[in-house]
Amino acid sequence: TQLLEQSPQFLSIQEGENLTVYCNSSSVFSSLQWYRQEPGEGPVLLVTVVTGGEVKKLKRLTFQFGDARKDSSLHITAAQPGDTGLYLCAGAKETSYDKVIFGPGTSLSVIP
Amino acid sequence: EAGVVQSPRYKIIEKKQPVAFWCNPISGHNTLYWYRQNLGQGPELLIRYENEEAVDDSQLPKDRFSAERLKGVDSTLKIQPAELGDSAVYLCASSLVGGSSYEQYFGPGTRLTVT
C-alpha cells in the first residue's frame, strides 16, 4: 500500500504554462518535504512544511500543506525548461523516529 | 560544506557477483539512510542508522544485503550475490534529526547494472 500518492504521474507542458502537482495520503504527517531530482542526480530538497495550512513560496514555486496535514500541493508559475525533473514529496509521520516515506513522484517535462 | 559523497557512481557486474557501495555523509549528521530507486519511481528505504545503530532495516533483504556504519560516520552497503532485479540506483542520504523536520540531503547515487 502506497502511503503517499502523487498526481499526475507524468506531466508535459510548454514553457510559460502554470501547473500544479499533488501529494495525498490518509496519514497525518508532522512534516512534509518536496524534492526535485534531475536525471543522474540525487533528490534535492526544495522546502519543508510543518504547519497545517502553511504556504511557502520559493521564487515561482508555491507549496501548500493541507489543513489536516495529510496532503500537499506544489504550484509552478510560468514553468521553464530548468524546472524539468522528478518532483518527490516525502512525509515524516507524527511518531518520533518513524521513517520518512517518499511518494512515487511526478515526472515533469517543460518543453521550450 | 561538502555534501554527501558516494562511490562508485556507476557499477556493472554479472549476476551472482558481489558489489559494495560506500557513503560519506555530511559532517555532523547523525542519521544515515540507504535507499534503492528504480527508474521513474521514488526512493525506497533499505536501512536507516542513528549513529552506529541500525534503527530500521525492515526493508533490507537480509539474505543478500548487508550494511554497516562503523564509528557512526561512513557506511557501506553490500550485495552478495547480486541478482538481475537488483539493478537500480542506490542512494545515500543523511540528516540531523531534531524537532519536527526530517530534511534529508542526498548523494548523487550509485547506478548498479546487473547483467
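Our subject in this report is the structure included herewith. Since this is a predicted model, take the numbers as computed values, not measurements.

Here we come to the overall build of chain B. On a plain count of helices and strands, chain B comes out with zero helices and eleven strands. Relative to its length of 115 residues, chain B is compact, with a C-alpha radius of gyration of 14 Å against a globular reference of 13 Å. On the principal axes, the C-alpha backbone points of chain B span a range of 45 × 25 × 25 Å. The buried share of chain B, taken over its 115 residues, is 46%. Carbon and sulfur atoms provide 48% of the accessible area of chain B, an area that totals close to 5,600 Å².

Now for the interface of chain A and chain B. The partner chain B presents 23 residues to the 24 residues of chain A that form the contact. Joining chain A to chain B, the criterion identifies zero salt bridges. Our enumeration of links across chain A and chain B arrives at five residue pairs in polar contact (both at pLDDT 80 or more). Of the residues forming the side of chain A that touches chain B, the biggest block, five residues, is contributed by strand β4 (residues 29-37) of chain A. In the side of chain A that touches chain B, the residues fall into eleven nonpolar, ten polar and three charged.

A few words now on the packing of aromatic side chains. One pass over the full model with this rule turns up eight aromatic pairs over all chains. Between Tyr-35 of chain A and Phe-106 of chain B the ring centres are 5.7 Å apart and the planes differ by 90°, which places this aromatic pair in the edge-to-face class. Placement of Tyr-35 of chain A in strand β4 and of Phe-106 of chain B in strand β10 (residues 105-106) is noted, with the two residues assigned to different chains. A relative accessible area of 0% places Tyr-35 of chain A in the buried class. A relative accessible area of 11% means that Phe-106 of chain B is categorised as buried.

As a further point, take the pairing of strand β6 (residues 55-58) of chain A. All names here are of chain A. By the bridge criterion, four bridges tie β6 to strand β7 (residues 61-65) in an arrangement that is antiparallel. Within β7, the position partnered with Val-55 by the bridge is Gln-64. Here β6 hands over to β7 after two residues, with Lys-59 in that stretch at a positive phi of 55°.

Let us now look at the state of the cysteines. Residue and element names in this part refer to chain A. The tally for this structure, following the rule as stated, stands at two disulfides over all chains. Between the sulfur of Cys-23 and that of Cys-89 lies a disulfide, 2.1 Å long from S to S. Of note, the bridge from Cys-23 to Cys-89 carries an S-S torsion of about 75° and is right-handed in sense. You can see Cys-23 sitting in strand β3 (residues 19-24) and its partner Cys-89 sitting in strand β9 (residues 85-93), a full 66 residues away along the chain. A relative accessible area of 0% places Cys-23 in the buried class.

Within a sheet, each strand pairs with its neighbour through backbone hydrogen bonds, oriented either parallel or antiparallel. Residue and element names in this part refer to chain A. With antiparallel pairing, five strands are arranged side by side in an open sheet as β1-β3-β8-β7-β6. At either margin of the open sheet sits one strand with a lone partner, and together these are β1 (5-7) and β6. Direction aside, the axes of adjacent strands within the sheet are offset by 15° on average.

Turning our attention to the side chain of Ser-72 of chain A. Residues and elements named next belong to chain A. For Ser-72, the location among the structural elements is in strand β8 (residues 71-76). The class for Ser-72 is buried, based on a relative accessible area of 3%. Within the structure, the side chain of Ser-72 is placed 2.9 Å from the side chain of Trp-34, a separation counted as a polar contact. Once residues lying within four places of it in the same chain are set aside, the contact partners of Ser-72 are Val-21, Tyr-22, Cys-23, Leu-32, Trp-34, Gln-64 and Phe-65.

Attention shifts here to the environment of Asp-63 of chain B. Here Asp-63 of chain B is to be found in the loop between β6 (53-56) and β7 (65-68). Taking C-alpha positions, Asp-63 of chain B is 15 Å from Ala-20 of chain B, a pair spaced 43 residues apart along the chain.

Cut-off values and rules
- Residues numbered from 1 in each chain as written.
- Chains lettered and ligands numbered in written order.
- Predicted model: local features only at pLDDT ≥ 70, side-chain atom pairs only at ≥ 80, totals over all residues.
- Heavy atoms only, no water.
- Helix = DSSP H or I, 4+ residues; strand = E, 2+ residues; numbered from the N terminus.
- Rg over C-alpha atoms; globule rule 2.2 N^0.38 Å.
- Buried < 20%, exposed > 50% of the residue type's maximum accessible area, 1.4 Å probe, protein only.
- Areas by Shrake-Rupley, 256 points an atom, 1.4 Å probe, with all protein chains shown as cover.
- Contact = heavy atoms within 4.5 Å.
- Salt bridge = Lys/Arg side-chain N within 4 Å of Asp/Glu carboxyl O.
- Polar contact = N/O pair within 3.5 Å; in protein donor to acceptor, adjacent residues only side chain to side chain.
- Nonpolar A, V, L, I, M, F, W, Y, C, P; charged D, E, K, R; others polar.
- Phe/Tyr/Trp six-rings, centres within 6.5 Å; stacked < 30°, edge-to-face > 60°.
- Pairing = 2+ DSSP bridges.
- Disulfide = S-S within 2.5 Å.
- Axes fitted to C-alpha atoms, helices over the stretch in contact; angles between N-to-C directions.

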